[in-house]
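# Structural overview
Here is what each chain is made of, one letter per residue.
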Amino acid sequence: MSKILHVKNIFKFLLLNIITISLIVLTLIIILLRYNYYYQRSPVLTLSITNSLLGGVSNMSAQTISGIQFRLKRIDPFISKKNEYGVENIELSNSYNKNFYSRSSAFSFSQLIRFMSYSFFMTPIQHWWYSFLGQLTLNSRTSDTIELVKRILMDQFLFAPIGLVFFLIFMSLTEELNKKKLKNRFRQDYISILKVNYCVWPIIQLINFKYIPLKYQIPFLNSVSVFWTIYLSMNDSKMSL
């Protein structure tokens, strides 16, 4: 009986998450079908909305993965007891993590909104930054290889650390964390996330700067960032517990 209830919970969780992801993806497809038109009329707004939707897909994917993992580990969270009349009662096991009920809903709507909002508001800064790097290349007289290395180094050692600070502060403020918890979050997660960043993004930026035209650099990064945002979302979920 307890396992049947738990399997139903997993099914409801998965179904509602799939519906939510599908709605976000459908909206994204509608925009992409007329992407050039929207981009010509308002490039920054188009990029911001596209990036926000991709952030939503990433976050929902992360919540789905972590939620299923959590539930599979708790495959038998209930215990069965019979009262004096022989009627079976289903109760939570004493050893069961109390976070089950807090995570038993389809998804964390607040976390979804936070990630979509962060992606939306961060895009204009990204747009300015890559335009700035592009102008440096156009005005430079050094070789293409040197310029490529310079852009990657500037991006990874200037923009990436600052961008991560923005991310942690934004997520912490929208969670209404106090200063002590904010400091703990930086102490625990800033360096570890930055290390992972340096293992992944230099190669991606090499491809981006070398082969992708400036107009499509942010959309390319946004597409690749789906997987990065999944990582950040799952990391943020762990920090929020």
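Keep in mind the model is a prediction, meaning the values are calculated, not measured.

### Observations regarding the packing of aromatic side chains
According to the stated counting rule, one finds 16 aromatic pairs in the structure shown. Look at tyrosine 130 and phenylalanine 209: their rings are 6.0 Å apart centre to centre, the planes differ by 55°, and that puts the pair in the tilted class. Taken together, the positions of tyrosine 130 in helix α5 (residues 109-139) and phenylalanine 209 in helix α7 (residues 179-211) put the pair 79 residues apart, joining distant regions of the chain. Across the pair, phenylalanine 209 and tyrosine 130 agree in class, each one buried. With a centroid separation of 6.2 Å and 85° between ring planes, the pair formed by tryptophan 201 and tryptophan 228 is classed as edge-to-face.

### Quick look at helix α6 (residues 144-174)
Taking 1.5 Å per residue, 31 residues should reach 45 Å; α6 reaches 42 Å between its end C-alpha atoms and fits that length. The sharpest bend along α6 comes to roughly 35°, located at phenylalanine 159, with the proline proline 161 sitting one to four residues further on. Positive backbone phi, at 60°, marks glutamate 176, one or two positions downstream of α6.

### Thoughts on the UniProt feature "transmembrane region" (unreviewed entry) in the chain
UniProt feature "transmembrane region" (unreviewed entry): in the numbering of this structure it lies at residues 12-33 and 152-173. From the first C-alpha to the last, residues 12-33 spans 32 Å; its make-up is 100% helix and 0% strand. What you have in residues 152-173 is 100% helix and 0% strand, and the ends, taken at the C-alpha atoms, are 30 Å apart.

### Brief notes about the pattern of salt bridges
Pairing is possible between side chains of opposite charge, provided their charged atoms come close. For the structure shown, the criterion picks out 3 salt bridges. Salt-bridge contacts for glutamate 175 lead to arginine 114; the nearest nitrogen and oxygen are separated by 3.2 Å. Residue glutamate 175 is located in the loop between α6 and α7, and its partner arginine 114 is located in helix α5; the two are separated by 61 residues in the primary sequence. Of the charged contacts, one joins glutamate 147 and lysine 150 as a salt bridge, the two residues approaching to 3.1 Å between their closest N and O atoms. Residue glutamate 147 and its partner lysine 150 are both found in helix α6; the two are separated by 3 residues, about one turn of the helix. With a relative accessible area of 34%, lysine 150 lands in the partly exposed category.

### With respect to the packing of α6 against α7
In the contact formed by α6 and α7, the axes pass within 8 Å of each other and the chain directions differ by 145°. Both α6 and α7 take part in a crossing whose hand is right-handed. Within the contact of α6 with α7, the residues separate by chemical class into 20 nonpolar, 4 polar and 4 charged.

Reading guide: rules and limits
Residues numbered from 1 in each chain as written. Predicted model: local features only at pLDDT ≥ 70, side-chain atom pairs only at ≥ 80, totals over all residues. Heavy atoms only, no water. Phe/Tyr/Trp six-rings, centres within 6.5 Å; stacked < 30°, edge-to-face > 60°. Helix = DSSP H or I, 4+ residues; strand = E, 2+ residues; numbered from the N terminus. Buried < 20%, exposed > 50% of the residue type's maximum accessible area, 1.4 Å probe, protein only. Expected span 1.5 Å × (residues − 1). Bend = angle between axes of the 7 residues up to and from the residue. UniProt positions renumbered as here; feature names shortened; annotations may be inferred. Salt bridge = Lys/Arg side-chain N within 4 Å of Asp/Glu carboxyl O. Axes fitted to C-alpha atoms, helices over the stretch in contact; angles between N-to-C directions. Left-handed = near helix turned anticlockwise from the far one by under 90°. Nonpolar A, V, L, I, M, F, W, Y, C, P; charged D, E, K, R; others polar.

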